[in-house]
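Structure at a glance
Read off the chains here:
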Amino acid sequence: MTAHSTARPTVRNRTGPPAAISDEALLELSRRRPERFGELYDRYAGEIHAYLGRRLDQQAADDLTAEVFLAAFSKRATFDPRRGTVRPWLYGFAGNLIALHRRSEARRLAALQRSAGAHEQPEHGHEERVVIRVDAQSEQGRLAAELRALPDGDRDVLLLSALAELSHEEVAQALDIPYGTVGSRLSRVRKRLRAALGGVNPLHGGSDG
């Protein structure tokens, strides 16, 4: 009788590549290994830069993106995952820097308003990059005027929702305000913009509808 081989067949690993480390775990790891923070920069620098560029301008975005991550790096030990996730936490630093450059944002919106009234394309095609947009040139000018007139807190909530596409909960974390305040501010702003634009809904972003 022929003896059966006791050798076992080779079993291939079917689990695939290891899952990417989460943002929160990576931030925690960076407390012991600071060089790992660069991976968070790689994940989010592009969208933070784009957001700053839409709120301010490209030069400001170039200058301030690094400041966002420098601030986050210096305060990484204070991050509390029980209060939220890393992405809106980073947008919070971006918002703090925008608050220091309100005049730049006002100039940006004023330029958009003027260019819409003159039927000209503003520099960098800003109205095409803003997620909050309407179709008619005159309505773009009215929208820019309404955005300029909004209180800073209302504008921040609106643009974090529409440009960064943060959820209500993430906006609340980014601005360090109650969840309910986000909803009430968005509702108020949407009604105001619809009224100003003759019932047109200018929102093409935001994750909570």
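Keep in mind that this is a model prediction, so the values were computed, not measured.

1. Observations regarding the overall build of the protein
In terms of helices and strands, the protein carries ten helices and zero strands. The N-to-C order of helical and strand elements in the protein reads α-α-α-α-α-α-α-α-α-α. Residues counted as buried form 43% of the 209 residues belonging to the protein. When the accessible surface of the protein is summed, it comes to about 11800 Å², and 51% of that surface belongs to carbon and sulfur atoms.

2. Observations regarding the packing of helix α8 (residues 152–162) against helix α10 (residues 179–196)
Packed helices, taken two at a time, are described by the angle their axes make and the gap between the axes. Remark: α8 packs on α10, axes separated minimally by 9 Å, with the N-to-C direction vectors making an angle of 90°. Judged by the angle between their axes, α8 and α10 are roughly perpendicular. For the pair α8 and α10, the contacting residues are Gly-153, Asp-154, Val-157, Leu-158 and Ser-161 in the first and Val-182, Arg-185, Leu-186, Arg-188, Val-189, Arg-190 and Leu-193 in the second. Here the contact of α8 with α10 is built from residues that sort into six nonpolar, two polar and four charged.

3. Notes on unusual backbone geometry
In this structure, Glu-165 is a non-glycine residue whose phi angle is positive, near 60°. Here Glu-165 lies in the loop between α8 and α9 (168–175).

4. Focus on the confidence of the model for the protein
For the protein, per-residue confidence averages 81 on the pLDDT scale, and residues scoring 70 or more make up 75% of the total. Here helix α6 (residues 126–129) stands out as the least confident element of the protein, with mean pLDDT 42; α9 is the most confident, with 97. A low-confidence stretch, residues 133–137 (pLDDT under 50), is modelled with 15 contacts involving residues beyond four sequence positions or located in other chains. In this model, residues 205–209 is a region of pLDDT below 50 whose contacts with residues beyond four sequence positions or in other chains number 13 contacts.

Basis of the calculations
- Residues numbered from 1 in each chain as written.
- Predicted model: local features only at pLDDT ≥ 70, side-chain atom pairs only at ≥ 80, totals over all residues.
- Heavy atoms only, no water.
- Helix = DSSP H or I, 4+ residues; strand = E, 2+ residues; numbered from the N terminus.
- Buried < 20%, exposed > 50% of the residue type's maximum accessible area, 1.4 Å probe, protein only.
- Areas by Shrake-Rupley, 256 points an atom, 1.4 Å probe, with all protein chains shown as cover.
- Axes fitted to C-alpha atoms, helices over the stretch in contact; angles between N-to-C directions.
- Parallel < 35°, antiparallel > 145°, perpendicular 65-115°, else oblique.
- Contact = heavy atoms within 4.5 Å.
- Nonpolar A, V, L, I, M, F, W, Y, C, P; charged D, E, K, R; others polar.
- pLDDT = per-residue confidence, 0-100.

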